[in-house]
Amino acid sequence: MNFDLKQFEGLKTPFYWYDSQLLDQTLQTVKSLADRHGYHVHYAVKANGNLEILRRVNAAGLGTDCVSGNEILQSIAAGIAPEKIAFAGVGKSDEEIRIGLENNIFCFNCESIPEIEVIDEIAGQMGRRAHIALRINPNVHASTHHYITTGLEENKFGINTWALDDVLKVLERTKNVELIGLHFHIGSQILDMQDFRNLCTRVNEIQEWFYARKIIVDHINVGGGLGVNYEQPDKQPIPTFEEYFKVFAESLKLRPKQQLHFELGRAIVAQCGSLITKVLYVKNGTNKKFAIVDAGFTELIRPALYQAVHKIENISSTEPEEKYDVVGPICESSDCFAKSIDLAGCHRGDLLAIRTAGAYGEAMASTYNLRTLVKGYFSK
Ligand code: LLP
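Residues numbered from 1 in each chain as written. Predicted model: local features only at pLDDT ≥ 70, side-chain atom pairs only at ≥ 80, totals over all residues. Heavy atoms only, no water.

1. Section: the sheet that holds strand β9 (residues 259-262)
The test is simple: Note: two strands are recorded as paired if DSSP finds a minimum of 2 bridges between them. The helix count covers DSSP runs of H or I at least four residues long, the strand count covers runs of E at least two residues long, and both are numbered beginning at the N terminus. Simply put, an axis is a line fit to the C-alpha atoms, just over the touching stretch for a helix, and the angle between two N-to-C directions goes from 0 to 180 degrees. We call two residues in contact whenever any of their non-hydrogen atoms come within 4.5 Å of each other.
Strand order in the closed barrel made by the eight strands is β2-β3-β4-β5-β6-β7-β8-β9, with parallel pairing throughout. Averaged over neighbouring strand pairs, the angle between their axes works out to 30 degrees when direction is ignored. Of the strand pairs in this sheet, strand β4 (residues 85-87) and strand β5 (residues 107-110) are connected by two bridges, and their pairing is parallel. Bridge pairing in β5 links F87 to F108. Against the sheet, helix α5 (residues 113-126) makes contact with β5, β6 (130-135) and β7 (177-183), and its axis sits at roughly 150 degrees relative to β5, the strand it touches most.

Rendered as structure tokens:
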């Protein structure tokens, strides 16, 4: 990616920089490929809830997948039609359930029996009928960081298959909810397509179970999770959506008229975003140099939290490369973006781009140490 430093004039570092063109191209690619299969994509707002991103998501014709009442309201503010909004999350509050019902959203992805009962009760009070999908735990392993696998039985997410008989009993008496779908999600940053193939196999088995009980739902939602290339962001700026959709087209058995939904977050927004930070000081250590920058884990927590790798470039310097640890100003030793990486010679005032930061970057920012919440800007 080429950064035009002129566009950064007047912007106070650190800030997020979004490549509007790459975002729009990614959105158009995913939308047109999904349309080809007749699939529905709900952008996972949790990856980045920036209003401008959501406006572009809406312009491209995608829906959203929300995990809070505020994400639903932000989607609506960006113009997303409520009938394209799915609402997931293991701990929906009564107020958030009301927001979903008031706005007639597409579907509540339910994660437990008590949640179904509460949605039924609130919908009854409001004189509404809630459309629900059961988030079923497929117990499929995803080869990713253990903090972001979600589809195993020991995770807090979803309803385990052994509880499904009880769920069906509950659904017989909860008249204000209507079962319209089954929902699955196995984890995030998944690059091995075999994991998704395994998910399809499980979904096929689970569908058989429902079919044997004469239940065919209209919607199957297979969640998100498609990963991106953090090491070499420019190698494949737009992820392989085609290969990903093909797995489902080949391996998932949909019943006639059944609609397939996806909740992709990272794959849509990760590569278009970079965290731009300024070198404050270059300090000599015993055997290495530290580039001390003005961004910390308050702006991008992924390296500190998941040992995530983000490619870093010195976009102000053409000097020969040297080894640096790139560290932030926060008073914790985990506030480190990278250890012993090659960077063009760094000086005070240089700008570094921390790449592939569009997903779970700005969205996970905090004001720890009373720092100012980071802002995002878009290229023209
Ligand atoms: N659907 C559900 C039910 C989810 O839990 C998630 C992500 C998604 C969809 C979107 O997944 P994606 O397509 O973005 O992989 N903060 C972590 C990632 C947490 C993912 C949480 N769930 C990170 O920075 O890697």
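Once the structure has been displayed, the description carries forward.
2. Let's talk about the layout of surface pockets
As a reminder, the rule being used: In the cavity and pocket records, a cavity denotes points on a 1 Å grid over the protein atoms alone where a 1.4 Å probe fits but cannot get out, a pocket denotes an open set with protein on both sides within 12 Å along at least 5 of 7 lines, and lining residues are residues with an atom within 4 Å of a point. Grid points are joined across faces, edges and corners, and a volume is the space filled by probe spheres set on the points. Think of it as three bins: nonpolar holds Ala, Val, Leu, Ile, Met, Phe, Trp, Tyr, Cys and Pro, charged holds Asp, Glu, Lys and Arg, and polar takes everything else, Gly as well.
Approximately 270 Å³ is the volume found for the second largest pocket. Along its surface, the second largest pocket is lined by K12, T13, P14, F15, D294, E299, R371, T372, L373, V374, K375 and Y377. Looking at the lining of the second largest pocket residue by residue, the classes come out as five nonpolar, two polar and five charged.

3. A closer look at the side chain of T64
Using the following cut-off: For the purposes of these results, a polar contact is taken to be a pair of N or O atoms within 3.5 Å, where, inside protein, one atom must be able to donate a hydrogen and its partner to accept one; residues adjacent in sequence count only when each atom of the pair is a side-chain atom.
Assignment of secondary structure puts T64 in strand β3 (residues 63-66). Here S75 takes part through its side chain, which lies 3.0 Å from a polar atom of the side chain of T64. Not counting residues up to four positions away in its chain, the partners in contact with T64 are H42, Y43, V45, L54, V57, S75, I80, K84, I85 and A86.

4. Remarks on the pairing of strand β13 (residues 321-327)
The pairing of strand β11 (residues 289-293) with β13 spans four bridges and is classified as parallel. Bridging across to β13, K289 finds its partner in Y324. Sheet topology places β13 next to strand β14 (residues 336-344); six bridges connect them, and they run antiparallel. From the neighbouring strand, Y324 faces β14, where its bridge partner is I341.

5. With respect to the site of the ligand
Let me state the cut-off plainly: The cutoff for a nearby residue is simple: one of its non-hydrogen atoms must lie within 4 Å of the molecule or strand. Accessible areas in this description were obtained via Shrake-Rupley with a 1.4 Å probe; residue shielding takes into account the shown protein chains only.
Taken together, 18 residues sit near the ligand, with S188, E263, R302, Y306 and Y360 positioned nearest. H185 is positioned with one of its side-chain polar atoms (N or O) 3.5 Å from a nitrogen atom of the ligand. Take G265: an N or O atom from its main chain is 2.9 Å from an oxygen atom of the ligand. In isolation the ligand exposes 580 Å². Once the protein is present, 92% of that is buried. Here the shell around the ligand is composed, by residue class, of six nonpolar, six polar and six charged.

6. Description of the pattern of salt bridges
Short version of the rule: Should a side-chain nitrogen of Lys or Arg be within 4 Å of a carboxyl oxygen of Asp or Glu, the pair is scored as a salt bridge. Note on exposure labels: buried denotes an accessible area under 20% of the residue type's maximum, exposed denotes more than 50%, and partly exposed covers the range between, all computed with a 1.4 Å probe on protein chains only.
Summed over the entire model, instances satisfying the criterion amount to 21 salt bridges. Put simply, R56 and E52 hold a salt bridge, and the shortest N to O gap is 2.9 Å. Note that R56 and E52 are positioned in helix α2 (residues 51-59) at a spacing of four residues, about one turn of the helix. You can call E52 partly exposed: its relative accessible area is 25%. Here R355 and E313 are joined by a salt bridge, their closest N and O atoms 2.8 Å apart. One end of the pair, R355, is in the loop between β15 (351-354) and β16 (376-378); the other, E313, is in strand β12 (residues 312-314), and 42 residues separate them in sequence. For the pair R355 and E313, a shared accessibility class is recorded, and that class is buried.

7. Remarks on helix α3 (residues 69-77)
Spacing of three or four residues puts side chains on the same side of an α-helix, whose turn is 3.6 residues. Rules: To obtain the arc, one takes the directions from the helix axis to the C-beta atoms.
For α3, the set of buried residues is G69, E71, I72 and S75. Down the axis of α3, the buried set is contained in an arc of 165 degrees. They therefore lie on one face. Across α3 from its buried face, at more than 90 degrees, point the exposed residues N70 and A77. Of the surrounding secondary structure, the elements contacted by the buried residues of α3 are α2, β3, β4 and α4 (94-102). Positive backbone phi, approximately 100 degrees, marks G79, located one or two places after α3.

8. As for the nonpolar core
Heads up, the rule is: Here, nonpolar core means buried Ala, Val, Leu, Ile, Met, Phe, Trp, Tyr and Cys residues that are tied together by side-chain atoms lying within 4.5 Å of each other. Where each domain begins and ends is defined by an automated method or by a domain database.
Counting 100 residues, the largest nonpolar core has Y43, F108, L134, F245, F248 and I268 as the members making the most contacts within it. Counting residues per element, this core draws most heavily on helix α7 (residues 193-212), at seven residues. Shared between two domains, this core holds at least three residues of each, these being domain 1 (5-13 + 271-378) and domain 2 (20-268). Other than its neighbours up to four places away in sequence, F245 contacts V30, L33, A34, H37, Y39, V41 and F262. In this structure, F3, F8, W17 and L351 belong to the second largest nonpolar core, which totals eight residues.

9. Describing empty space enclosed by the protein
This model, assessed by the stated rule, comprises two cavities of 30 Å³ or more. Its volume calculated, the largest cavity comes out at about 40 Å³. As for the largest cavity, its lining consists of F106, C107, N109, A133, I180, G181, L182, H219, I220, N221 and H261. Mapped onto the lining of the largest cavity, the elements with two or more residues apiece are β5, β7 and β8 (219-221). A class-by-class count of the residues in the lining of the largest cavity yields six nonpolar, five polar and no charged. Put simply, the parts of the chain that give the lining of the second largest cavity at least two residues each are α1 (20-37) and α9 (266-269). A total of three residues in the lining of the second largest cavity trace back to one element, the largest contributor, which is α9. Here the residues of the lining of the second largest cavity are counted per class, giving eight nonpolar, two polar and no charged.

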